[in-house]
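Structural description and commentary
Residues per chain are reported as follows:
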Amino acid sequence: MTNFTEQMRRRYADLPARIFAVLLTLCSLSLTVFALFSTLSVVYVSDSAGSSRMLITRVEDPDELMDLSGIVANEEDVVYYTAFSGNLASLSIQRAEPVTVYADGETHVARMVGGTVADALESSGITLGEHDYTEPSLHSEADAQTPITVHRVEYRDTVTQEAIPFETEYVYTSLYYRNKRRTTTVQQGYEGILEITNRERVVDGEVESSQVIASNVAKKPRNTIIKAYKAGAPVSPRTGPEIVNGAPASYSAVYTGYATGYSSRGGRGASGLGLGYGTVAVNPNLIPYGTKLYIASTDGRFVYGYAVATDTGGALLNGSCLVDLYYESYSEALMNGVQQVRVYVVG
């Protein structure tokens, strides 16, 4: 054993000194390389377009890593950097895609990484009005294959006028029994005006739909009123018990005498109860004020109808006539003339 050891010592002692130097250098180099590699990381750089690089570096800043790899992110791109255990790292670039937006006759391009149609509009600086809409809808995902169209919507209201026709009404009276073809225009009619509001929905300058949203009578029509003859038609508009054979179905007294006619531009009569069609002047000693009457000529050709005693006069007090019938025009009072009538007391 001692001889073997001695032999080995002599053999190594005979080796040249430079061999020892080389071995020492290699050992030092190995230690250096080991130390160097222990501080390096393996970084895999890639983008969504398919480019990729592998780096062995101690650099950790994403911008510097992209410079080293030659794969650089644009302003709209999104960069993801992830460090793993064991000196491994990944730098991934998600490339922004161009999303086309058509609005107001112009074409905009929004470069985006994901997001909705609303995000694309915001990126393009486009705002929507109250009624505007987009295709696809605002909450849809935006993508490069589907252009976005902004539709501008406004509502226009227009007002048109239409004529409202008037009608002709006939008021019948037996006062014209002496001239049955006579007519009198009591009121001249005129057309009314109907205002119609129409609302148009205008999309991108074109009328898409239209509907009536309101109609208003700006001016009411007025009917023409014509007074004409009709046998048995009363002058007075007042009503009372049913008429049977020319007389009220019930009454307490009846007087026969002469009737005259008069008119006035106003006033309330001697009783203060007012004047108008259906009021008459009487002798209040015979027929008290407020008494309800029914008056018709004895031959039945003229019917004044139901009336109320509200006035008096000298001819009535002295017995020259039994009743004076009120008319709203002087010409009608003249038509009445003097005629014999029956006056029925009904209330």
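Residues numbered from 1 in each chain as written. Predicted model: local features only at pLDDT ≥ 70, side-chain atom pairs only at ≥ 80, totals over all residues. Heavy atoms only, no water.

1. Brief notes about the overall build of the chain
A count of helical and extended segments in the chain gives 6 helices and 22 strands. In the chain, buried positions account for 31% of the 347 residues. Across the chain, the fraction of contacts at a sequence separation of at least 24, relative to all contacts at a separation of at least 6, is 64%. (Helix = DSSP H or I, 4+ residues; strand = E, 2+ residues; numbered from the N terminus. Buried < 20%, exposed > 50% of the residue type's maximum accessible area, 1.4 Å probe, protein only. Contact = heavy atoms within 4.5 Å.)

2. Remarks on helix H4 (residues 117-124)
All of the buried residues in H4 are Val117, Ala120, Leu121 and Ser124. Down the axis of H4, the smallest arc covering the buried residues is 100°, so these residues share one side. Its buried side turned inward, H4 meets strand E5 (97-103), strand E6 (106-112), strand E7 (133-135) and strand E8 (148-151). Positive phi shows up at Gly125, right after H4, with a value of about 75°. (Arc of directions from axis to C-beta.)

3. Some details on the sheet that holds strand E12 (residues 192-203)
In spatial order, the strands read E9-E12-E13; together these 3 strands make up an open sheet with antiparallel pairing. On the outer flanks of this sheet lie strand E9 (153-164) and strand E13 (206-219), each paired with one strand and no other. Averaged over all pairs of adjacent strands, the angle between their axes in this sheet comes to 20°, without regard to strand direction. Here E12 pairs with E13 via 11 bridges, running antiparallel. Within E13, the residue paired with Ile193 across the bridge is Lys219. (Pairing = 2+ DSSP bridges. Axes fitted to C-alpha atoms, helices over the stretch in contact; angles between N-to-C directions.)

4. Thoughts on the pattern of salt bridges
Any two side chains of opposite charge can pair, on the condition that their charged atoms come close. The final tally for this structure, using the stated rule, is 10 salt bridges. Asp47 is paired through a salt bridge with Arg95; the nearest N and O atoms lie 2.9 Å apart. A residue pair is termed long-range when its members are at least 10 positions apart, and Asp47 in strand E1 (residues 41-47) and Arg95 in the loop between strand E4 (88-94) and E5 qualify at 48 residues. Judged by relative accessible area, which is 19%, Arg95 ranks as buried. (Salt bridge = Lys/Arg side-chain N within 4 Å of Asp/Glu carboxyl O.)

5. Looking at the confidence of the model for the chain
For the chain, mean pLDDT is 90; residues scoring 70 or higher make up 89% of the total. Every residue in residues 31-37 is under pLDDT 50, and counting partners more than four places away or in other chains gives 2 contacts. (pLDDT = per-residue confidence, 0-100.)

6. Remarks on the nonpolar core
Judged by nonpolar contacts, the single largest core of 29 residues is most densely connected at Val280, Leu293, Ile295, Tyr304, Val323, Leu325 and Tyr327. Of all elements in the fold, only strand E17 (253-263), strand E18 (279-281), strand E19 (292-297), strand E20 (303-311), strand E21 (323-327), helix H6 (330-336) and strand E22 (339-345) reach the threshold of two or more residues within this core. No other element matches the 4 residues that E21 contributes to this core. If sequence neighbours within four positions are ignored, Ile295 has contacts with Val280, Val303, Tyr304, Gly305, Ala307, Val323, Leu325, Val341, Arg342 and Val343. Ala110, Met112, Val117 and Ile126 belong to the second largest nonpolar core, which has 12 residues in total. (Core = buried A, V, L, I, M, F, W, Y, C linked by side-chain atoms within 4.5 Å.)

7. Points about unusual backbone geometry
Residue Pro136 is reached from Glu135 by a cis peptide bond, and omega for that bond is -5°. With respect to the helices, strands and loops of the structure, Pro136 is situated in the loop between E7 and E8. For Asp104, which is not glycine, the phi dihedral falls at a positive 55°. Considering the arrangement of structural elements, one finds Asp104 in the loop between E5 and E6.

8. Here's the deal with the environment of Thr149
Residue position: Thr149 is located in strand E8. Taking C-alpha positions, Thr149 is 5.9 Å from Val101, a pair spaced 48 residues apart along the chain. The contact partners of Thr149, leaving out residues within four places of it in the chain, are Tyr102, Tyr133, Thr134 and Glu135.

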